Amino acid sequence: MIRAGVLLAAGASRRFGPQDKLLAPLQGTPLATHAATALAASDFDVLIGVVRSTHVAQHLPGFDIVQPPEPDPKQSDSLRAGITRARDLGAGRVTVLLADMPFVTAALVDDVTHACTDARPAAATDGNRPMPPVCFPAVYFDALMRLKGDRGAASLVTDAVLVPATTGMLVDIDTPETLMAMARSPNDV
């Protein structure tokens, strides 16, 4: 079975301001490279980066780059682009990670991917709710393709196998203030 790792990196970063947050430096490298590195170090046959920016794409070596066809893609549009490409490549499982989650480790990605079954997705959790990374088996691909808006796939992981992670590991960077706080205290993760 082909396993695909999909990095969603096509968002508009509106809460971050005019700068592309995925290019903002964290610990000396662009934010997007942290999540990309975790996926690249994980057990995947195919890596897919869903991006809008050619500048972000340059920081994803080894990734098959796709762009959502929408000019201002929502998270569901990016997810659809990634699932479409994974299907085209024959994937039977897809693990999705958001590019603004720099503290997710390859070990957590692998744990989530291996917890997924042919009938049931798996997701990381901070103890309160399912969160990315999330792995979906092929039987979920049609439902993923029907999603709309900016909510992602939360509605599809209510029965997911949950893989515990530390809360700090699942932090996503949405504002410059969060980025600065994480840069000052990375040991809190």
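Computed from a predicted model, the values in this text were never measured in an experiment. Within any chain, residue numbers begin from 1 and follow the written order of that chain's sequence. For this predicted model, a pLDDT threshold of at least 70 governs which residues receive local features, and a threshold of 80 or more governs which side-chain atom pairs are given and counted, while totals over whole chains, interfaces and linings are taken from all residues. Hydrogen atoms and water are omitted, and side-chain values are computed over all heavy atoms in the structure.

*Asks:* What am I meant to see in the pattern of salt bridges here?
*Replies:* Side chains that differ in charge, positive against negative, can pair when their charged atoms come close. Note on definitions: salt bridges are taken to be side-chain nitrogens of Lys or Arg within 4 Å of carboxyl oxygens of Asp or Glu. As enumerated under the stated definition, the model contains five salt bridges in all. Here D64 makes a salt bridge to R85, at a shortest N to O gap of 2.5 Å. Pair noted here: D64 is in strand β5 (residues 64-66) and R85 is in helix α3 (residues 75-88), with a separation of 21 residues, a long-range link. Accessibility here uses a 1.4 Å probe with only protein chains present; expressed as a share of the type maximum, an area under 20% marks a residue as buried, one over 50% as exposed, and anything in between as partly exposed. Taking the relative accessible area as the measure of exposure, R85 reaches 26% and is therefore partly exposed. A salt bridge links R87 to D142; its shortest N-O distance comes to 2.3 Å. Pair noted here: R87 is in helix α3 and D142 is in helix α5 (residues 141-145), with a separation of 55 residues, a long-range link. For helices the rule is a DSSP run of H or I covering at least 4 residues; for strands it is a run of E covering at least 2, with both sets numbered from the N terminus onward.

*Asks:* I would appreciate a short explanation of the sheet that holds strand β8 (residues 130-137) in the present structure.
*Replies:* What holds strands together in a sheet is hydrogen bonding between their backbones, with the strands either parallel or antiparallel. The sheet built from seven strands is open, its strands ordered β5-β4-β1-β6-β8-β7-β9 with mixed pairing. The strands lining the two open edges of the sheet, one partner per strand, are β5 and β9 (161-164). Strand-to-strand twist of the sheet, defined as the mean angle between neighbouring strand axes without regard to direction, takes the value 25°. Only strands that DSSP links by at least two bridges are regarded as paired with each other. The pairing of strand β7 (residues 122-125) with β9 spans four bridges and is parallel. Counted as the bridge partner of T125 is P164 from β9. Note on definitions: angles span 0 to 180 degrees between N-to-C directions of axes, and those axes are lines fitted to C-alpha atoms, for helices only across the stretch in contact.

So far we have only geometry, and geometry alone does not tell us how the molecule works.
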